[in-house]
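What the coordinates show
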Amino acid sequence: MSTGPAARGQGRTAAAYLAPALLVLGALLVYPVYQLVVISFYDYGQEQVSGGAPLVFLGLGNYTALLASARFWAVLGQTVGFAAVCVLGTLAVGAALAVLATRVRPWARTTLFLAALGAWATPAVAGSTIWLFLFDANLGLVNSVLGLDGFSWTYGKWSAFGLVAAEVVWCSFPFVMITLYAGIRAIPTEVLEAATLDGASAWRTARSVVVPLLRPLLIVVTIQSVIWDFKVFTQVYVMTNGGGIAGRNLVLNVFAYQQAFAASEYGLGAAIGVVTTVVLLVVTVFYLRALKRSGEVL
Amino acid sequence: MKRGVAEAITVVIAAVVAFPLFWMVLTAIKPTDEVLSTAPKPWTLRPTFSAFARALTVQDFGRYFVNSVVVALAVVGLSMLIAFLAAAALTRLRFRGRATMLVMLLVVQMVPVEALTVPLFFLMRSVGDAVPAFGLNHLGSLVLVHLAFSLPFSIWVLRGFVAAVPVELEEAATLDGASRFTFLRRVLFPLVAPGLVATSVLSFIHAWNDFLFAKTFIISAAENQTLPLALQVFVKPDQNDWGAIMAGSTLMTVPVLVFFVLVQRRLVSGLAGSVKG
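The written sequence of each chain sets the order in which its residues are numbered from 1. The naming scheme follows written order: chains are lettered A onward, ligands numbered 1 onward. It should be noted that, the model being predicted, local features are given only for residues of pLDDT at least 70 and side-chain atom pairs only at 80 or more, the latter also being counted only at that level, while totals for whole chains, interfaces and linings use all residues.

1. Side note on the overall build of chain A
- Regarding its fold elements, chain A presents 13 helices and two strands.
- In terms of overall size, chain A is more extended than a compact globule, its C-alpha atoms giving a radius of gyration of 24 Å where 298 residues would be expected to give roughly 19 Å.
- Reported as C-alpha extents along the three principal axes, the dimensions of chain A are approximately 80 × 80 × 30 Å.
- Labels follow a simple rule on C-beta atoms placed from the backbone: if 20 or more others lie within 10 Å of a residue's own, it is buried; if 12 or fewer, it is exposed; otherwise it is partly exposed. Buried residues in chain A amount to 45% of all 298 residues.
- Residues are treated as contacting if the C-beta atoms built from their backbones sit within 7 Å of each other. Put simply, of all contacts in chain A between residues at least 6 apart along the chain, 69% involve residues at least 24 apart. Numbering of helices and strands starts at the N terminus; helices are DSSP runs of H or I of at least 4 residues and strands are runs of E of at least 2. C-alpha atoms define the radius of gyration, and 2.2 Å times the number of residues to the power 0.38 defines the globule rule.

Now the structure itself:
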């Protein structure tokens, strides 16, 4: 890179063009991350917010309180389990339908893709509300068809989690399906023809040719799904009315929200936020390595 | 598997996937007694818009609809402008720290913004002390955070579109006496417009769908609620006006559906490209 006057002029122009973006990102994304960590070190409650009591520095106090609480471990376990079910469901449905889409004529494929696009486009709150109505205890279509009059799906812990997971799979499988469909279509036909000529069965071709070729793409959609499903907030909050009866349907993000804004324990809420961020950071490192291997360049 | 069988299965699955949306629209146009029937029928012979009327008048949905539109459009407009300038600088200009900035851009995309509600809540409270319109309980606070959340991705995608414009074009414009800013405005901007459309649709949808930050920031000003928040408030235990709720859901879903269908090709290829490399 040269350091002549021209380059210096470019530097000044670049600074002017980048200033608004840097200002917004610095103030509203980088600074809050720093603040999140700072707040998590304090006992920050309603009195401190209103200025009635001084801030007390706790150091890692909020974290030791969290790690010692059975509630936190239960919520963490539920979050991991819920995310795992959502990811597996999304991948299974998305992959199966991507394969199915390659086997049918364009009119059928377009029908499927349009339906999937509808599910994908539905705002999370609207989707959650529709599913709540479909599964309503008295007026819902599902209970009427199954003859389960008066059965509440959102009352039991596991049926509530199952219902939320089903809604999450419904609105997130389209991304996986369309991405994998594009991936399958990008495999050169010669490769598949060669496998057939060599006498490979359809199953053998799928296992030994298609899956290895799609591996990088599969890793990317898996990790992307893990990141999304680990931080689901809206569906859980809306469908279980804020985390279920006595908070038995809490996941980390909803837990953090309730601690901070319902119980006014902002310091504790921030500490849960830090834990979520760290977990996702680890997942993200794997994501970046997968991206790098699949050939994405900076 | 025979192709005919596969196609039959495909159509059945498509119907199942689309069913919740069909049910939403159907419930919205059913008369109240049919909605409240314990033996719901998958059709209606007496379609009516009375549920929409109730949603718009009793529940004041029109106001929340406008609020959501204002927030989403402000986010789209500002992020287009800011992201375009930043993308132009990052692709067209040589300066120190450029590589670092690209890496930073990738890193901030990975920040789970849902974890930032607490610090952003306090930040907006302080902002509100200085400029009320951008503080808690005002739509400006939502515009600010969604602008920040949408920028990294928008800049990242636009960078590709700017890079695709040949450098010779800029040299020709400079020879013709155009200043750098004129080139940006008159030549580069129209050429990257397709990229701007794709990124702004995504920014629009994110801002439009947001529930968490609307819930965190708009605490006591009911008149400044956005659609997702308003819809959730209407769902009350045991006394739901499901017809009006489904009418509200329809009003909220339709704009996004229209956008999705309009840009689906670009969206799909863009998303596939962003993960395929």
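2. So, the interface of chain B and chain A
- Between chain B and chain A, the contact holds 77 residues from the first and 74 residues from the second.
- Among the elements that make up the side of chain B that touches chain A, the one with the highest residue count is helix H13 (residues 242–276) of chain B (16 residues).

3. Thoughts on the packing of helix H4 (residues 70–102) of chain A against helix H10 (residues 202–230) of chain A
Residues and elements named next belong to chain A.
- Axes, fitted as lines to C-alpha atoms, cover a helix only where it is in contact. Angles between the N-to-C directions of the axes lie from 0 to 180 degrees. For the pair H4 and H10, the least separation of the axes is 9 Å and the interaxial angle reads 135°. Taken together, the axes of H4 and H10 lie oblique to each other. Two packed elements cross with a definite hand, and for H4 against H10 that hand is right-handed. The segment H4 lies against H10, with Thr79, Ala83, Cys86, Val87, Thr90 and Leu91 engaging Thr222, Ser225, Val226, Asp229 and Phe230.
- All residues other than Ala, Val, Leu, Ile, Met, Phe, Trp, Tyr, Cys, Pro, Asp, Glu, Lys and Arg, Gly among them, are scored as polar; the first ten of these are nonpolar and the last four charged. Here the residues of the contact of H4 with H10 sort into six nonpolar, four polar and one charged. For this classification, under 35 degrees means roughly parallel, over 145 means roughly antiparallel, 65 to 115 means roughly perpendicular, and everything else is oblique. Each crossing is labelled by how the near helix is turned from the far one, with a counterclockwise turn of less than a right angle marking it left-handed and a clockwise turn marking it right-handed.

4. Side note on the environment of Pro42 of chain B
- Considering the arrangement of structural elements, one finds Pro42 of chain B in the loop between helix H2 (32–35) and helix H3 (50–57).
- The class for Pro42 of chain B is exposed, based on 9 C-beta atoms found within 10 Å.

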